[in-house]
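Understanding the architecture of this molecule
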Amino acid sequence: MPKTDILMTGRMLPSVIESLDETFTLHRMWEAPDRDTFLREIGPRIRGIATSTMGGRADAALLEFLPNAEIIASFGVGYDNVDVQEAAKRGVIVTNTPDVLNDEVADLTLGLLIATLRRIPQADRYLRAGEWLKAPFPLSPSLRGRKVGIIGLGRIGKAIAQRLEGFGVSIAYHGRNEQTEIAYRYYPTLIDMAGAVDVLIAITPGGAATKHLINADILKALGSNGVLINVARGSVVDEQALIEALRQGTILAAGLDVFESEPRVPRELIGMDNVVLLPHVASGSVHTRKAMGQLVVDNLISWFEGKGPLTAVPETPWHGRAAIRP
Ligand code: NAP
Ligand code: 8YV
């Protein structure tokens, strides 16, 4: 029996490629000398797509080449790399990789918060430069006595909050909806929460609905002792407004894992001493990336065995109509 044809849009982990190669006929889009010629040739045979934020957008232009696509399995819990409205319109199921990365991302967020406040990378650079031989490293700001506001108290936001409780800080949250079972203080507006806390942690989805949620007004409300941690998406923060706020002392410092035009990071940020900058690594351990990759594979296998998707996103809910392999 011929194997089902799957398109991979960009290189994924070797374990994912190996697993998909075993079960499917895998077509590697990044290896094609000319994308459009390649897609015109194999497009009609493709029934499943494996994609990620690092492998180009799965959008209308791509789907136009793939009239028989049934499922897009995306690597990552955030799926702003997929045009879900277009997929829904075409009856294509979209899956992501929720939950398996909650603890890893929350651990990294706490690490980034402490690193930003206690200036850990700066202290490391100071020692390596031989500066300690001349004078002790200057005293740093502290997490002690701070109030933390989480923007997006979802799966990962809750894992972050759970860890923050161990640090003995006060916790509040903002989202579109109040979660009545949650004891933390809820702020229906972000500006009010920014004015009431001195740390903001962003962990929302990206996309149009959250674009520049954190702008000059929010940073002003956060204030001169305020710290911004962004582990959500670069698009959630107005990067130019943030650069200006850091430069002017409107806020104290920032810890950023994500940027507006990754992997490009503005020169202004790279030149600043009051920021800690990470190359989008919050889920980036061998353990967790392997689990995320396995979920991509399992979603595709489950779908083509006729068992439905394992983790469909809410915009393309499954109503029990999975394809059965011929
Ligand atoms: P989730 O469980 O769906 O939680 C998302 C939270 O964001 C919800 O609490 C939601 O609450 C809130 N939210 C959604 N839209 C909002 C809006 N317009 N304004 C304010 N709040 C909004 O998702 P998750 O699994 O925790 O993942 C969250 C996000 O983290 C991902 O989508 C991704 O962007 C990011 N992420 C980044 C990394 C990294 O490597 N840096 C790794 C993993 C995830 P309401 O519905 O009540 O608004
Ligand atoms: C991944 C992420 O690094 O899950 C997400 O939303 O941002 C990260 O875990 C990213 O999606 C890799 O493509």
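Each remark here, short or long, concerns the structure printed above.
Residue positions within a chain follow its written sequence, with the count starting from 1. All chains are assigned letters beginning at A, and all ligands numbers beginning at 1, according to the order in which they are written. A pLDDT threshold of at least 70 governs which residues receive local features in this predicted model, and a stricter bar of 80 or more applies before side-chain atom pairs are shown or counted, although totals over entire chains, interfaces and linings include all residues. In computing side-chain values, all of the structure's heavy atoms are included and hydrogens and water are not.

Numbering of helices and strands starts at the N terminus; helices are DSSP runs of H or I of at least 4 residues and strands are runs of E of at least 2. Helices and strands together make up the secondary structure of the protein, namely 12 helices and 12 strands. This radius of gyration counts C-alpha atoms alone. The globule rule is 2.2 Å times how many residues there are, raised to the power 0.38. The globule rule puts the C-alpha radius of gyration for 326 residues at 20 Å, and the 22 Å found for the protein is close to it. Three exposure classes are used, based on accessible area relative to the maximum for each residue type with a 1.4 Å probe and protein chains only: buried under 20%, partly exposed in between, and exposed over 50%. Looking at the 326 residues of the protein, the share that counts as buried comes to 51%. Areas reported as accessible are Shrake-Rupley estimates using a 1.4 Å probe. Residue values count occlusion only from the protein chains shown. Summing over all exposed atoms, the protein offers an accessible surface of approximately 15600 Å²; the carbon and sulfur share of this is 54%. In summary, the charge assignment counts Lys and Arg as positive and Asp and Glu as negative, without counting His or the chain termini. Each charge is placed at NZ for Lys, CZ for Arg, CG for Asp and CD for Glu. Both charge centroids of the protein, one from 34 positive and one from 37 negative side chains, sit 2 Å from each other.

Moving on, we come to the pattern of salt bridges. The working definition used for a salt bridge is a side-chain nitrogen of Lys or Arg within 4 Å of a carboxyl oxygen of Asp or Glu. All told, the structure shown has 15 salt bridges when counted by the stated rule. For Asp 36, the salt bridge goes to Arg 35, with nearest N and O atoms at 3.4 Å. Linking Arg 90 and Glu 86 is a salt bridge whose minimum nitrogen-to-oxygen distance equals 2.7 Å. According to the relative accessible area criterion, Arg 90 is partly exposed, its value standing at 33%. By relative accessible area, which is 11% here, Glu 86 ends up buried.

Grid points spaced at 1 Å and placed over the protein atoms alone form the basis of the search, with a cavity being a set where a 1.4 Å probe fits but cannot get out and a pocket an open set showing protein on both sides within 12 Å along at least five of seven lines. Lining residues have an atom within 4 Å of a point. Grid points are joined across faces, edges and corners, and a volume is the space filled by probe spheres set on the points. Inspection of every chain in the model, using the stated rule, returns 1 cavity of 30 Å³ or more. As a volume, the largest cavity reaches approximately 40 Å³. Looking at the largest cavity, the residues that line it are Asn 230, Gly 234, Val 237, Glu 239, Leu 242, Leu 256, Val 258 and Phe 259. Of the residues contributing to the lining of the largest cavity, the split by class is 5 nonpolar, 2 polar and 1 charged. When residues are grouped by polarity, Ala, Val, Leu, Ile, Met, Phe, Trp, Tyr, Cys and Pro land in nonpolar, Asp, Glu, Lys and Arg in charged, and all others, Gly among them, in polar.

So, about the site of ligand 1. What surrounds ligand 1 is a group of 27 residues, the closest being Arg 155, Ile 156, Arg 176, Val 231 and Asp 257. Throughout this description, a polar contact denotes any pair of N or O atoms lying within 3.5 Å of each other; where both atoms belong to protein, one of them has to be capable of donating a hydrogen while the other can accept it, and for residues adjacent in sequence the pair is counted only when both atoms sit in side chains. A distance of 2.7 Å is found between an oxygen atom of ligand 1 and a backbone nitrogen or oxygen belonging to Arg 176. In this structure, an oxygen atom belonging to ligand 1 sits 3.0 Å away from a main-chain N or O atom of Asn 177. Grouping the constituent residues of the shell around ligand 1 by class yields 12 nonpolar, 11 polar and 4 charged. Neighbouring residues are identified by heavy atoms, a residue being near a molecule or strand if any of them is within 4 Å of it.

Taken together, 13 residues sit near ligand 2, with Thr 53, Val 77, Arg 233, His 280 and Ser 283 positioned nearest. A distance of 2.4 Å is found between an oxygen atom of ligand 2 and a side-chain nitrogen or oxygen belonging to Thr 53. Here Gly 78 contributes a backbone N or O atom positioned 2.8 Å from an oxygen atom of ligand 2. Burial of ligand 2 by the surrounding chains reaches 93%, relative to a free accessible area of 330 Å².

In this section: the nonpolar core. As used in this record, nonpolar core signifies buried Ala, Val, Leu, Ile, Met, Phe, Trp, Tyr and Cys residues forming a set joined through side-chain atoms within 4.5 Å. Counting 50 residues, the largest nonpolar core has Leu 20, Leu 113, Ile 150, Ile 160, Leu 164, Ile 201 and Leu 300 as the members making the most contacts within it. By definition in these notes, contact holds between two residues if any of their heavy atoms fall within 4.5 Å. Ignoring anything within four residues of it in the chain, the contact list for Leu 20 reads Met 8, Leu 26, Ala 50, Val 297 and Leu 300.

Further remarks concern helix α7 (residues 155–166). Turning to α7, its buried residues number three or more, namely Ile 156, Gly 157, Ala 159, Ile 160, Ala 161, Arg 163 and Leu 164. Packed against the buried residues of α7 are α5 (102–118), β6 (147–151), β7 (170–174) and β9 (199–202).

With that settled, the discussion passes to the pairing of β7. Among the 5 residues in β7, 4 count as buried, and that is most of the element. If the strands point away from the viewer and the path from the first strand over the helix to the second runs clockwise, then the crossover is right-handed. Handedness of the crossover is the feature at issue here: the chain leaves β6, passes through α7, returns alongside β7, and the resulting connection is right-handed.

You can see Asp 257 is positioned in the loop between β11 (253–256) and α11 (267–270). In this structure Asp 257 is buried but unpaired, with Arg 289 as the nearest side chain of opposite charge at 7.2 Å. There is a polar contact of 3.2 Å between the side chain of Asp 257 and the backbone nitrogen of Ala 282. The contacts of Asp 257, once residues within four sequence positions are left out, are Leu 112, Asn 230, Val 231, Glu 262, Leu 278, Pro 279, His 280, Val 281 and Ala 282.

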